[in-house]
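Geometric and topological summary
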Amino acid sequence: MVAAPVSTSVAGSAWSASLLAALPVPAGPLAPVQERGRLALSARPLPGRRDEDWRFTDLAALTALDPLSLAAPPPPSQQQPPAAAQVLRLQLDSDDDPLAGVQLPAGLSPLTEPELKQVLGQALEANGSRDQWPVLLNKAVASRVLALRVRGRVAPVLELVSDAGVGPGLLPLRVCLVLEEDASLSLLQVHQSGGANLTSVLVEALLGRGASLHHGLLAAGAPDSVLLAQVAVAQEPASEVTLVAATAGWGLVRFEPRLHQVEGAARSRLRGLQVVSQRQCADTHSQMLFGGPDGSLDQLHKVIADDAGRSVFNGAVRVPRAAQRTDAAQLSRSLLLSDRARVDTKPELEIVADDVRCAHGATVSRLQQDELFYLQSRGIAADRAARLLLRGYCEEVLRDLPAAAAAWQPLSIVLGTPNDR
Amino acid sequence: MIRPDAPVLLEICDLEARVDDQPILKGVNLTIRAGEIHAVMGRNGSGKSTLSKVLAGHPAYTVTGGTVLFRGENLLELEPEQRARTGLFLGFQYPVEIPGVSNLEFLRVATNARRAEQGFEELDTFAFEDLVRERLQVVQMDPAFLERSVNEGFSGGEKKRNEILQMALLEPLVAILDETDSGLDIDALRIVAGGVNQLATADNATLLITHYQRLLDVITPDFVHVMAAGLILRTGGKELALELEERGYDWVDQELAALEVA
């Protein structure tokens, strides 16, 4: 029983070492970050089952990728619907600067290099994710960061899209947003992949007092593709964040939204939906950290697990002594559609303050027989009734995506079928 | 309306059914002709709700004996959806909430499934909206409820109105209404009962399952059946319901005891 973790770790180290050796020399404005990332990564084996945070996460889809194939980004694919009106779409997966030739709308401006130096990594540092393996990987590889300042209310939805396509490679995407006091932004990230490649996403957002961010992340992958996504948000008081994430189809997804209410007194809403089938694995590790009193969290995480799919949810809520009168609610709901599917779900509440409300709940169930029968008793065939119920189940999360997401047909993405008429 | 020559819509013979290993129905006999309104009364646990669920095809119940003919065909071999499409309707005692599924879409899919069976063409979104707005008036329902998820957050009365709205859209031949009066205040009861009365014709039939006389004050039954211990113990006219109201159910126990002795 001792041999397994050692061999995993050796294999993991070899995998990391091969990847690091294959990477091109650090270059560009992020060269120093890349150097530090690589140094840190070289000292860290791949996470494995001995790491509490990765205990249930099957990394097979990641280690199945040839590290040598990850030295460069995959050839771009870019199959996408036309951008809706009132949407500013930026393509993150091309060689060009995503801002080249783009007329930014009122309220959006690029961060200057000194500004970037000051803020980059700040949110990661504050919420303790600086040294997470997926973060180090992104730092080691990303040569560019899309860094924007947001002033006032930005009308268009900012859409950040990538498609890793079917070819091999590693697509590192890094975004840094600074929302000034009372600024508001609607942001939609859409990440797609159709083959054996790795998409690494690292987003940081700093919200000033009274700022508001509505953030959607929609990710559609393939059975041999991997997505590692980290979203770190730091919130000043009176700010509001809604983060809605829906993923489906990836061989492996590891999604880590980490929210930090720096002084409390802010509002955070998290909505998650992960769909796994075949032998896919999806893992959401969320963390909510209240740094002061009067903060609130409203979190709903949903899962559909079919075939031999595997789902992991770990929802950490940290309420230190300073965070009195915190009001947090977390609900995890999982739908098991197969006997071979597996769901691991765990709330992780760390509450020191005494005057708080922290509700949490978790359910794992099959499709409700009563709901199915109700639909059937109205003449709707069993398979269609099941599809309707699945759609309803997903809609509870998808309806909270920014409206611009409709162009991407999120329901088709998560259920893999065209919209049922 | 009793017409002895009217066609038989539903014919239940010696029906026995169980849930898990518990026998509930122990030989129910009931014949329903077009144009008739029947009421089945009885205490909790008498089997009256089970009868409605067995007829609708609820998977939790197993039929262990007897036959049910619906328009002359074997009802028991049909899937629940096929029973509905051919014109059997169950109004639920506790209508199910289905979050995320739009009520309007649910109603349209259900209506089209019934229409297809009848050989009518499917209604598109616009044609259906016209139809549903017209039928909403049967139960004086606010169109806002169409935009919500099926029954989600509806009050008891709103759920029951939504049931009768479905009945108005599906135009069943036999409607079984399971405790449709439960949880209704007197105004809601009048509206729901008014809807049922409007939908009753010489060609269809209604089976009301109820505890109380008060529903039968507003929907006049042609036949009243008293159910106990999985059997229909006695059948009479509407005066039987009044008698029950007056005397309570104690005499039922005596008759049952007499049956067991015999």
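Residues numbered from 1 in each chain as written. Chains lettered and ligands numbered in written order. Predicted model: local features only at pLDDT ≥ 70, side-chain atom pairs only at ≥ 80, totals over all residues. Heavy atoms only, no water.

**Section: the overall build of chain B**
Helices and strands together make up the secondary structure of chain B, namely nine helices and twelve strands. Considering only C-alpha atoms, chain B reaches an extent of 60 × 40 × 40 Å along its principal axes. Looking at chain B alone, contacts between residues at least 24 apart form 71% of all its contacts between residues at least 6 apart. Within the structure as shown, chain B displays about 11,300 Å² of accessible surface, and the carbon and sulfur contribution to it stands at 48%. Charge separation in chain B, taken as the distance between the mean sites of 24 positive and 42 negative side-chain charges, equals 1 Å. (Helix = DSSP H or I, 4+ residues; strand = E, 2+ residues; numbered from the N terminus. Contact = heavy atoms within 4.5 Å. Areas by Shrake-Rupley, 256 points an atom, 1.4 Å probe, with all protein chains shown as cover. Lys, Arg positive; Asp, Glu negative; His and termini not counted. Charge placed at Lys NZ, Arg CZ, Asp CG, Glu CD.)

**Some words on the sheet that holds strand 11 (residues 223–228) of chain B**
Residues and elements named next belong to chain B. Strand order across the open sheet formed by six strands is 6-9-10-3-11-12, with mixed pairing between neighbours. What marks the edges here is a single partner per strand, and that holds for strand 6 (88–91) and strand 12 (231–236). Each neighbouring strand pair of the sheet contributes to a mean axis angle of 20 degrees, computed without reference to strand direction. Of the pairings in the sheet, the one linking strand 3 (residues 37–42) to strand 10 (residues 205–210) comprises five bridges and is parallel in character. (Pairing = 2+ DSSP bridges. Axes fitted to C-alpha atoms, helices over the stretch in contact; angles between N-to-C directions.)

**Points about the side chain of S149 of chain B**
Mapped onto the secondary structure, S149 of chain B falls in strand 8 (residues 149–150). With near-sequence residues (within four places) excluded, S149 of chain B lies in contact with R399 of chain A together with I98, P99, G100, V101, S102, N103 and F154 of chain B.

**A short note on helix 4 (residues 125–136) of chain B**
All names here are of chain B. In this model, helix 4 (twelve residues) spans 16 Å end to end at C-alpha, consistent with the 16 Å of a helix rising 1.5 Å per residue. The set of residues buried in helix 4 consists of F128, L131, V132, R135 and L136. End-on, the buried residues of helix 4 take up no more than an arc of 135 degrees, which puts them together on one face. Exposed side of helix 4, more than 90 degrees from the buried face: F126 and D130 are the residues found there. Packing partners of the buried residues in helix 4 comprise helix 3 (103–118) and helix 5 (156–170). (Expected span 1.5 Å × (residues − 1). Buried < 20%, exposed > 50% of the residue type's maximum accessible area, 1.4 Å probe, protein only. Arc of directions from axis to C-beta.)

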